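# A structural walkthrough
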Amino acid sequence: MNDRYVYYFGGGKAEGRAEMRELLGGKGANLAEMTNLGIPVPPGFTISTEVCSLYYKNNRAYPEEVKRQVARNLDRLEKEMEKKLGDRNDPLLVSVRSGAAVSMPGMMDTVLNLGLNFSAVEGITENTGNSRFAWDAYRRFIQMYGNVVMGVPHDDFEKALNAIKRERGVEADTELDASDLRRVVDSYMAVYEGMVGKGFPQDPIEQLWGAIDAVFGSWNNERALKYRRINRIGELLGTAVNVQSMVYGNWSDTSGTGVCFSRDPSTGENYFYGEYLMNAQGEDVVAGIRTPEPLSSLESANPGVYQQLAGVKERLEKHYRDMQDMEFTIQEGRLFLLQTRNGKRTGKAAVKVAVDLVKEGMIGREDAISRITAEQLDQLLHPMISPGMKKNLKPIAKGLEASPGAAVGRVVFSADEAELWVARGERVVLVRRETSPEDIGGMNVAEGILTSTGGMTSHAAVVARGMGKPCVAGCKTVVIDEAAKTFSADEKAYREGDFITLDGSDGEVYAGSVELEKPSLGGELNELLSWADEIRHSARRAGVEDGFMVRTNADLPQDAKLAVDFGAEGIGLTRTEHMFFEDAKLTPFRRMIIADNLQERVDALKPILKLQIEDFRGIFRVMDGKPVTIRLLDPPLHEFVPHAEAEVSELARELGTDAAKLLKRVRGLQELNPMLGHRGCRLGITYPEVYDMQVEAIMSAAVAEARAGIRVQPEIMIPLIGSTAELEVLRANALKVIDRVLEGADAKVDYLIGTMIEIPRAALTADLIAPHADFYSFGTNDLTQMTFGFSRDDVGTFVPEYIERKILPFDPFQTLDSSGVGQLVEMGVRKGRGVKPALKAGICGEHGGDPSSIAFCYRANLNYVSCSPYRVPIARLAAAQAVLAAK
Ligand code: PEP
Ligand code: MG
């Protein structure tokens, strides 16, 4: 640790820099950077995140040196401002704000107007001649300080304020005059004293340390902890505290405050986007209490300030080489910047901004690729209402298009209800007047969010965009009665539990549950992904000369088609058992299962052969020359027959067989531990006619398509190999069938026969298996199951608790356990390639679509990853990011 705890910014120079965000927090680092750039920033100082960590280590106390440095910097600030905290004549007032290295909007505490006391109020009144402003600032300060520092309920102050408003017969706070506000102050003082047990502190230094304590204390408040958990924000030192001289957007009618983005955070369009309120403080805009004006009206109302702001925006965006989210205040026509940061944005905006910045020469393609997260891409693949359907729908209300995508769910009116309903398995839409940081848990589980007040930068809008949730904000025609749990819109009432549908892309709200569809890739996204593809394809690693490929797991031609449209370069896994669950194949397949002798079994398979040939032809056609890995039957046979006696009798009737005999057979198929039982290649060994039929179907389909002029690359995959002999036997069987099919066929078909590595023993003996395999595909679902000894089907009973208690860092069935299971993958590749240097190796477990597992697969020298169709774009991006990260 260094011995500087406090960093000053002001007078055109700052002791911090943008790169120091770990130490100064994002806000502090950027205030310093803006000061150094000569942008008008009210001066102040930042107490570092190290102090936050010391504060907790020292049982919520500070080393003396911190106190000394705060005092020195306060002195410097007072000299620069030529004002003193608490001074009877023209006092200095400051804000005390949080700011961690990672932005956590609204989660921690802020105190404004600090330094006010009775004599400072008099000082301000004398100096400005504006006593209304002075009393208003004081009552806001008492309320904020009382609430944030001493925990006095917000509502108690609101009640006191409303009593005076009622007495005066006014509705808006702005209608109260100076003497009314003076009474509000007295009444707030009484509320404060009643709750705290002593009077409101008049000593500004006591106030300052109270506020600093509260901000550091808010680092570990419940909502901040929850936010960090939801957003997986890990080890940070803590928050910094920024003490900054106040400027006032509520000083006069030529004052105001606003939030702006250098580009549209919802769509990414390059136009100056923002909102502001005249005669208001910053919190009024963010809290969504008043609906603000668009920035374009500032252009006409005050072109000078607008031009200056637009100039600052240009400079900041060029400087940071990214879209900026800025907070500004105008005090009596003078502009001040209070914050800048890289703006949170929707997936759509993220892609558009990144691609546009490349075209504008501000960043390179690799930067663009690195900036997009899997979650952002995922949003683009989220459901929407099809334009065709939309034409026939009549919205019940229309608000602001605050965060795109469509959502369907049951109406709930509180965040807690949202969590309860979702825990019961319901989908919900959270409907609120406005949201606040306490609602974060409910927002996280809701399908979408609807608010009746607030603008595009209200809490609901900002948080929803960050989460990638559809949100319609400021929907004024929705009138909510929270107590009755109803809202009305378009002259109808909607109750808790009713279905509604939101379209966050155009702000429309519909009654009922509207059917949604998945979108396809758009122009900018295609462009970005094509850059990602170039990066992947040009990667070279030991034993892998053709880049890092992305395939898909697809069982049906329509899934394969979708995946190809999303950019899949082959099929890494077709689970053929999914084809047997179709009615047309199930009955003959069941007949095969209960057959008494070989002939009966072979006869039963005949009709299935024809159907399987059609399945495979469909897939080959869609894949049009790309490699197609088809896995032979894997699950245990008992999964294909019913178990309840009544159903067994029914099946016996259908198959024309004796019920008792069938029941006996069904019981005989049952296993105590089917995941480790008679499945995979073990079926192929004991019922060779099943695999023979499948191999015949694959090759006949390949020949038929080849004859029709389609290039085919079948890769026959044998599952669950644990010993070399299993593969030797099954390969020999397959070759016999293949030779038979190809003999006399007037088309050439290149094929491979490979195996899955999904049993630890297969990985350990990968060098012995390799001579019999043309490729390896790591089945990391089973490999994880068998390495951990966790049943895949039962992890729900204990893994969540393991993660909660940090016994596991994550669910190993979602993210590959690189240090354990990963060793088996690496060993499998190494041992296999030790025997066959060019052995093709891929992954087809669920991990193939998970970004951090994809990075592992790249490092482990796998040729490809394979994932479900909707994950393919994410895998293309994550694969390119893995290549870049390894450079
Ligand atoms: C695997 O085990 O990883 C795999 C892909 O096979 P399945 O999930 O079908 O067992
Ligand atoms: Mg498996």
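All of these numbers come straight from a predicted model, not from anything done at the bench.

Conventions and cut-offs
Residues numbered from 1 in each chain as written. Chains lettered and ligands numbered in written order. Predicted model: local features only at pLDDT ≥ 70, side-chain atom pairs only at ≥ 80, totals over all residues. Heavy atoms only, no water. 1 Å grid on protein atoms, 1.4 Å probe; cavity = no way out; pocket = protein on both sides within 12 Å on 5 of 7 lines; lining within 4 Å. Points joined across faces, edges and corners; volume = space filled by probe spheres on them. Nonpolar A, V, L, I, M, F, W, Y, C, P; charged D, E, K, R; others polar. Salt bridge = Lys/Arg side-chain N within 4 Å of Asp/Glu carboxyl O. Helix = DSSP H or I, 4+ residues; strand = E, 2+ residues; numbered from the N terminus. Buried < 20%, exposed > 50% of the residue type's maximum accessible area, 1.4 Å probe, protein only. Axes fitted to C-alpha atoms, helices over the stretch in contact; angles between N-to-C directions. Parallel < 35°, antiparallel > 145°, perpendicular 65-115°, else oblique. Left-handed = near helix turned anticlockwise from the far one by under 90°. Contact = heavy atoms within 4.5 Å. Pairing = 2+ DSSP bridges. Near = heavy atom within 4 Å. Polar contact = N/O pair within 3.5 Å; in protein donor to acceptor, adjacent residues only side chain to side chain. Phe/Tyr/Trp six-rings, centres within 6.5 Å; stacked < 30°, edge-to-face > 60°. Lys NZ or Arg CZ within 6 Å of the ring centre and 35° of its normal. Core = buried A, V, L, I, M, F, W, Y, C linked by side-chain atoms within 4.5 Å. Donors = N, O, S within 2.8 Å, 3.2 Å for Na, K, Ca; no water.

## Section: empty space enclosed by the protein
Considering all chains together, one arrives at one cavity of 30 Å³ or more under this definition. Surrounding the largest cavity, Leu-632, Gly-684, Pro-688, Tyr-691, Asp-692, Val-695, Leu-730, Asn-733 and Ala-734 form its lining. Here the lining of the largest cavity is built from residues that sort into six nonpolar, two polar and one charged.

## Regarding the pattern of salt bridges
Evaluation of the coordinates by the stated rule reveals 65 salt bridges. A salt bridge links Glu-715 to Arg-551; the shortest N-O distance between them is 3.0 Å. In this pair, Glu-715 is assigned in strand S26 (residues 713-718) and Arg-551 in strand S23 (residues 549-553), connecting sequence segments 164 residues apart. Residue Arg-551 is classed as buried on the basis of its relative accessible area of 4%. Measuring nitrogen to oxygen at the nearest pair gives 2.5 Å for the salt bridge that ties Glu-705 to Arg-617. Separated by 88 residues along the polypeptide, Glu-705 in helix H28 (residues 688-707) and Arg-617 in helix H24 (residues 598-623) bring together distant segments of the chain. Residue class for Arg-617 comes out partly exposed when judged on its relative accessible area of 22%. Here the salt bridges do not stand alone but share partners, grouping Glu-577, Arg-631, Asp-634, Arg-679, Asp-782 and Arg-792 into one network.

## Thoughts on the packing of H28 against helix H29 (residues 724-742)
Interhelical geometry of H28 versus H29 gives an angle of 40° and a closest axis separation of 9 Å. With respect to H29, the axis of H28 lies oblique. Helix-helix and strand crossings are classified by hand; for H28 and H29 the assignment is right-handed. Across from Pro-688, Tyr-691, Asp-692, Val-695, Glu-696, Met-699, Ser-700 and Val-703 in H28, the residues of H29 making contact are Leu-730, Asn-733, Ala-734, Val-737, Ile-738, Arg-740, Val-741 and Leu-742. Split into classes, the residues belonging to the contact of H28 with H29 amount to eleven nonpolar, two polar and three charged.

## Here we look at the sheet that holds strand S20 (residues 492-495)
The antiparallel open sheet is built from three strands, whose spatial order is S18-S19-S20. Looking at strand neighbours, the two that pair on one side only are strand S18 (479-481) and S20, the edges of this open sheet. Strand-to-strand twist across the sheet, computed as the mean angle between neighbouring axes with direction ignored, equals 25°. As paired elements, S18 and strand S19 (residues 486-489) share three bridges and run antiparallel to each other. When the sheet's bridge partners are listed, Asp-481 is paired in S19 with Thr-486.

## A closer look at the site of ligand 1
With respect to spatial proximity, 14 residues lie near ligand 1, and among them Arg-575, Arg-631, Gly-779, Asn-781 and Arg-792 are the closest. Between ligand 1 and the protein, one listed contact pairs an oxygen atom with a side-chain N or O atom of Arg-575 at 2.7 Å. Thr-780 is positioned with one of its backbone polar atoms (N or O) 3.0 Å from an oxygen atom of ligand 1. The set of elements that each furnish at least two residues to the shell around ligand 1 consists of strand S24 (571-575) and helix H32 (780-788). Ranked by residue count, the leading element in the shell around ligand 1 is H32, at three residues.

## Considering the packing of aromatic side chains
Throughout the structure, instances matching the rule amount to 31 aromatic pairs. Pairing Phe-589 with Phe-640 gives two aromatic rings, centres 4.7 Å apart and planes at 55°, and the pair type is tilted. Here Phe-589 is found in helix H23 (residues 583-594), whereas its partner Phe-640 is found in the loop between strand S25 (627-631) and helix H25 (645-655), with 51 residues between them in sequence. By relative accessible area, Phe-589 is classed as buried at 0%. Linked through ring pairs, Phe-118, Trp-135, Tyr-138, Phe-141, Tyr-145, Tyr-192 and Phe-200 together constitute an aromatic cluster. Just above the ring of Tyr-7 sits the side chain of Arg-4; from NZ or CZ to the centre is 5.3 Å. Over the ring of Tyr-864 we find Arg-551, and its NZ or CZ is 4.0 Å from the ring centre.

## Remarks on the nonpolar core
In terms of nonpolar packing, the biggest core is built from 220 residues, with Val-96, Tyr-138 and Tyr-776 touching the most fellow members. Per element, the largest residue contribution to this core is eleven residues, and it comes from H28. Those residues within four positions of Tyr-138 in sequence are excluded, and the remaining contacts are Leu-116, Asn-117, Phe-118, Val-121, Val-185, Met-189, Phe-200 and Gln-202.

## Focus: the coordination of the magnesium ion (ligand 2)
For the magnesium ion (ligand 2), the full set of protein donor atoms is Glu-758 (OE) and Asp-782 (OD), at a range of 2.0 to 2.1 Å. Of this pair, Glu-758 sits in the loop between strand S27 (752-757) and helix H30 (760-764) while Asp-782 sits in helix H32, and the two are 24 residues apart along the sequence. Assessed through its relative accessible area of 2%, Asp-782 is described here as buried.

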